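In case you want the letters, here they are:
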Amino acid sequence: MTTQKKYIILGLHFGHGAGAAIISNGRIIADVSEERFNHVKHSSDLPFASIKFCLKQVGISVHEIDEIAIAGLAVGDQIETIFGQKIAIPEKPAENFKEKIYSAGKKIVRGLFFGNRPSTGIKTPLYCREFFLDKLPKVTFVEHHLAHAAAAYFTSNDDRKMIIATMDGSGDGKSSCIWKGEDGKISPLAKYDYKSSLGWFYSNVTEAIGWWHGDGEGKTMGLAPYGDLTKVQGVLDGFYPEFKNGELVKAFNFPETKEFKLLGSIHWHSDDAQRIEKIVKKYGKENVAAEAQRILEEQTMEFVLPWLEKENTKVLATSGGIFLNVKLNQRIWESGKVELHHPYPNPGDAGLPLGAALYAAKEKGTLKSPVANHLYWGPEYTNEEIEKILAGRGLHYLKSDDAPLKAARLLSEDKIVGWFQGRMESGPRALGNRSILMSPKKAENKDIINARVKFREAFRPFCPSLIDEAKEKYLVKPRSERFMVTSFDCTKERKAELPAVVHVDGTLRPQTVAKEDNPRYWRLISEFGKITGTPVVLNTSMNIMGEPIACSPREAIRCFFDSGMDVLVLGDFILEKSAAL
């Protein structure tokens, strides 16, 4: 009996959030960002380590890849550098609808440190040629926003007609797009270019407040509830595009954006940020953040929600960096216009490799359904590998025959517990496999973990992980929310129970943990609930501010000893800094 050959698709993204994903016979096998390996947040390095990991997970060599799916059309010599073969850059695809474009001209220039010198031929060092091929397999280019749309649509696992909204700073010249998903096909309904970019507007405000454009937007969102809108409404008028009834009614001519590369990641700067900085100094960071958040929510909803009525559907999927904004996602969910809401949980550019691979798999006819109900697509380490690392460092550790129960008991004693288990999560959130945990039941725990472990701003909130069975008890208008990508109001009777994870505006950004998705983490939370009466834990990513989430046991150990964590649980092994267990 002959075995049918698997059809293997490697998805790639170059630039901010570079990485790779791989699909074998229509099933997702791996999805990872280069930052997980080189420890540079939002790394824009070529994804050599990501490709190597993906191939290892399937158990193949690069010669056995059947198709390479590349997210984005702005590809230079990256393919030649990685695979040793030149490839023609695709022309902009013809659209079969009237594209709603306001020509923006060239708005991004590469500046200091980017190294944008003309290519004089391939210069790949010999030691970086392990993926060189005599001939490339099939190469499919997937336009940036189409890759975002594919990631959202195909992971929704819903067959109904839906609207797909993709919004970000800019990608392949587009910033705001509406698509229709129906019968397994994605069709464009509206596309707008750079002059529609609410993402660039929000990032400009973020830079003006003092944070990294392309990373600090979550801080702006977290700061916004501390502001007073009555003091600032309208002060940012003239800095953003405007939408009405699903259409761009007022384009905004953003000034030229400067792009440069620093320490392995891409940074941007707009002169608008300097102008907004004057407003920040006059009205205060909190108030300007609140106004930016109001504008983002209202304008995005003016663009997205009318299309649901136009297409007679109440099913919505979203992707693109704007939809990392959990308060925006809450407003959409609570609008009453949506029955099924699927914000793709890795919506930034790090989600593009999988989106491109999913699109290619669907086009090939191999994509299996359901596509995914979790994001555990990264590296994992066996107990044997972990113990070898621990022993090699001369560390004192114990092996537990019930690590979830032990961790739950430690949490009930207000210990800060590092929890390193199974395959690493894709995307920006720790979802119970690379997490730092604490009890949510004391208000001071938020300040303790911010000061002792994360070393970050005191205003920034923490997220709760709760067993899915308890969502009605704690969430207003609840739904299963596996990925911490939407905030919810906390029920009034439970706010006092969870002071360390309820934000100043009374909201939670939860992860509802289903037993079938992550049985080990579900049991930890359940045991904590049995001990304390609260089946909820404070969950934050295993890193300190400014660093990527720890991927390997070595990185977890480094984070443990370089922070105020009390205990680290690696697989079945437990380290404690103070008293013996």
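Criteria and cut-off values
Residues numbered from 1 in each chain as written. Predicted model: local features only at pLDDT ≥ 70, side-chain atom pairs only at ≥ 80, totals over all residues. Heavy atoms only, no water. Helix = DSSP H or I, 4+ residues; strand = E, 2+ residues; numbered from the N terminus. Rg over C-alpha atoms; globule rule 2.2 N^0.38 Å. Buried < 20%, exposed > 50% of the residue type's maximum accessible area, 1.4 Å probe, protein only. Contact = heavy atoms within 4.5 Å. Areas by Shrake-Rupley, 256 points an atom, 1.4 Å probe, with all protein chains shown as cover. Lys, Arg positive; Asp, Glu negative; His and termini not counted. Charge placed at Lys NZ, Arg CZ, Asp CG, Glu CD. Phe/Tyr/Trp six-rings, centres within 6.5 Å; stacked < 30°, edge-to-face > 60°. Lys NZ or Arg CZ within 6 Å of the ring centre and 35° of its normal. Polar contact = N/O pair within 3.5 Å; in protein donor to acceptor, adjacent residues only side chain to side chain. Expected span 1.5 Å × (residues − 1). Axes fitted to C-alpha atoms, helices over the stretch in contact; angles between N-to-C directions. Parallel < 35°, antiparallel > 145°, perpendicular 65-115°, else oblique. Left-handed = near helix turned anticlockwise from the far one by under 90°. Nonpolar A, V, L, I, M, F, W, Y, C, P; charged D, E, K, R; others polar. Pairing = 2+ DSSP bridges. Disulfide = S-S within 2.5 Å. pLDDT = per-residue confidence, 0-100. Salt bridge = Lys/Arg side-chain N within 4 Å of Asp/Glu carboxyl O. Right-handed = clockwise from strand over helix to strand, strands pointing away. Patch = residues over 30% accessible without salt bridge, like charges linked within 9 Å, V, L, I, M, F, W, Y side chains within 5 Å.

### A closer look at the overall build of the chain
Here is step 1 of the chain: Along its length, the chain carries 16 helices and 25 strands.
Here is step 2 of the chain: A compact globule built from 581 residues would reach a C-alpha radius of gyration of about 25 Å, and the chain, at 23 Å, matches this within 12%.
Here is step 3 of the chain: Projected onto its principal axes, the C-alpha coordinates of the chain cover approximately 70 × 65 × 50 Å.
Here is step 4 of the chain: Across the 581 residues of the chain, 61% fall into the buried class.
Here is step 5 of the chain: Looking at the chain alone, contacts between residues at least 24 apart form 71% of all its contacts between residues at least 6 apart.
Here is step 6 of the chain: For the chain, the accessible area works out to roughly 23,500 Å², and carbon and sulfur atoms hold 50% of it.
Here is step 7 of the chain: In the chain, 78 side chains carry a positive charge and 74 a negative one; their mean positions are 1 Å apart.

### Digging into the packing of aromatic side chains
When we look at a pair of aromatic rings, we describe it by the centre distance and by the angle of the planes.
Here is step 1 of the chain: For the structure shown, the criterion picks out 16 aromatic pairs.
Here is step 2 of the chain: On the numbers, 5.1 Å between centres and 45 degrees between planes, the contact of Tyr-153 with Phe-154 is tilted.
Here is step 3 of the chain: Taking 5.8 Å as the distance between ring centres and 45 degrees as the angle between the ring planes, the aromatic pair formed by Tyr-194 and Trp-200 counts as tilted.
Here is step 4 of the chain: Since its relative accessible area comes to 4%, Trp-200 is described here as buried.
Here is step 5 of the chain: We note Lys-310 situated over the ring of Trp-307; from NZ or CZ to the ring centre the distance is 4.3 Å.
Here is step 6 of the chain: Between the NZ or CZ atom of Arg-456 and the centre of the ring of Phe-462, over which it lies, the distance is 4.2 Å.

### Quick notes on the environment of His-16
Here is step 1 of the chain: Within the element layout of this structure, His-16 appears in the loop between strand E1 (8-13) and strand E2 (19-24).
Here is step 2 of the chain: C-alpha of His-16 to C-alpha of Gly-348: the two residues are 332 residues apart in sequence and 9.3 Å apart in space.
Here is step 3 of the chain: Setting aside chain neighbours within four positions, we find His-16 in contact with His-42, Ser-43, Ser-44, Gly-214, Ile-266, Trp-268 and Asp-349.
Here is step 4 of the chain: Of note is the side chain of His-16, whose polar atom sits 3.5 Å from the backbone oxygen of Gly-214.

### Digging into helix H5 (residues 198-209)
Here is step 1 of the chain: Its 12 residues place the ends of H5 17 Å apart at the C-alpha level, agreeing with the 16 Å of an ideal helix rising 1.5 Å per residue.
Here is step 2 of the chain: Of all 12 residues in H5, 12 are buried; the element is thus mostly enclosed.
Here is step 3 of the chain: Every buried residue of H5 is listed here: Leu-198, Gly-199, Trp-200, Phe-201, Tyr-202, Ser-203, Asn-204, Val-205, Thr-206, Glu-207, Ala-208 and Ile-209.
Here is step 4 of the chain: Among the residues trailing H5, Gly-210 stands out with phi positive, at a value near 125 degrees.

### Section: the packing of H5 against helix H7 (residues 271-283)
Here is step 1 of the chain: The geometry of H5 relative to H7 is characterised by a closest axis approach of 8 Å and an angle of 60 degrees between their N-to-C directions. Looking at the two axes, H5 sits oblique to H7. Seen along the crossing, H5 lies across H7 with a hand that is right-handed. Of the residues in H7, those in contact with Asn-204, Val-205, Glu-207, Ala-208 and Ile-209 of H5 are Asp-272, Ala-273, Ile-276, Glu-277 and Val-280.
Here is step 2 of the chain: Partitioning the contact of H5 with H7 into residue classes produces 6 nonpolar, 1 polar and 3 charged.

### Re the sheet that holds strand E6 (residues 138-142)
Here is step 1 of the chain: In space, the 5 strands of this open sheet follow the order E3-E2-E1-E4-E6, with mixed pairing throughout. With one partner strand each, in any of the chains shown, strand E3 (27-33) and E6 form the two edges of the open sheet. On average, each strand axis in the sheet is tilted by 15 degrees relative to the strand beside it, whichever way the strands run.
Here is step 2 of the chain: Pairing geometry for strand E4 (residues 67-71) and E6, over 5 bridges, is parallel. Pairing of Ala-69 across the sheet is with Thr-140, part of E6.
Here is step 3 of the chain: Each of E1, E2 and E3 is contacted by helix H2 (residues 48-58), which is oriented at about 20 degrees to E2, the strand it contacts most.

### Things to note about helix H15 (residues 519-532)
Here is step 1 of the chain: Relative to the 20 Å expected for 14 residues at 1.5 Å per residue, H15 spans 20 Å between its end C-alpha atoms, a close match to the ideal helical length.
Here is step 2 of the chain: Those residues of H15 that fall on the buried side of the exposure criterion are Tyr-521, Trp-522, Leu-524, Ile-525, Ser-526, Glu-527, Phe-528 and Gly-529.

### A closer look at the sheet that holds strand E17 (residues 417-420)
Here is step 1 of the chain: Across the sheet, 8 strands lie side by side as E16-E25-E24-E17-E18-E23-E19-E22; this open sheet has mixed pairing. Of all strands in the sheet, those with a lone pairing partner are strand E16 (398-399) and strand E22 (511-513), marking the two edges.
Here is step 2 of the chain: As judged from the 4 bridges shared by E17 and strand E24 (residues 567-570), these two strands associate in the parallel manner. Counterpart to Gly-418 in the pairing with E24 is Leu-568.

### Remarks on the state of the cysteines
Here is step 1 of the chain: One pass over the structure, following the stated rule, counts 0 disulfides.
Here is step 2 of the chain: We note that Cys-463 lacks a disulfide partner, and the nearest cysteine sulfur, in Cys-490, lies 13 Å from it.
Here is step 3 of the chain: Relative accessible area serves as the criterion here: at 4%, Cys-463 is assigned to the buried category.

### Points about the confidence of the model for the chain
Here is step 1 of the chain: A residue-level look at the chain finds 93% of positions with pLDDT of 70 or above and a mean pLDDT of 92.
Here is step 2 of the chain: Below a pLDDT of 50 lies the segment residues 98-120, which in the model reaches 48 contacts outside its immediate sequence neighbourhood of four places, other chains included.

### Describing the side chain of Ser-176
Here is step 1 of the chain: Note on placement: Ser-176 falls in strand E8 (residues 174-182).
Here is step 2 of the chain: Side chain to side chain, Ser-176 and Ser-196 meet in a polar contact 2.8 Å long.

### Focus on the pattern of salt bridges
Here is step 1 of the chain: In this structure the tally under the stated criterion is 30 salt bridges.
Here is step 2 of the chain: Measuring nitrogen to oxygen at the nearest pair gives 3.8 Å for the salt bridge that ties Lys-261 to Asp-45. Of this pair, Lys-261 sits in strand E12 (residues 257-262) while Asp-45 sits in the loop between helix H1 (35-38) and H2; the two residues are 216 residues apart in sequence, bridging distant segments of the chain.
Here is step 3 of the chain: Judged by relative accessible area, which is 29%, Asp-45 ranks as partly exposed.
Here is step 4 of the chain: In this structure, Lys-244 engages Glu-302 in a salt bridge whose closest nitrogen and oxygen atoms are separated by 3.6 Å. Taken together, the positions of Lys-244 in strand E10 (residues 242-244) and Glu-302 in helix H8 (residues 285-310) put the pair 58 residues apart, joining distant regions of the chain.

### Quick notes on the pairing of strand E15 (residues 340-343)
Here is step 1 of the chain: As paired elements, strand E14 (residues 315-319) and E15 share 4 bridges and run parallel to each other. Bridged to Ala-317 within E15 is His-342.
Here is step 2 of the chain: Crossover E14 to E15 through helix H9 (residues 326-333) is right-handed.

### Looking at a negative patch on the surface
Here is step 1 of the chain: A cluster of like negative charges, contributed by Glu-380, Glu-384, Glu-385 and Glu-387, occupies part of the molecular surface.
Here is step 2 of the chain: Position of Glu-385 among the secondary structure elements: in helix H11 (residues 383-392).

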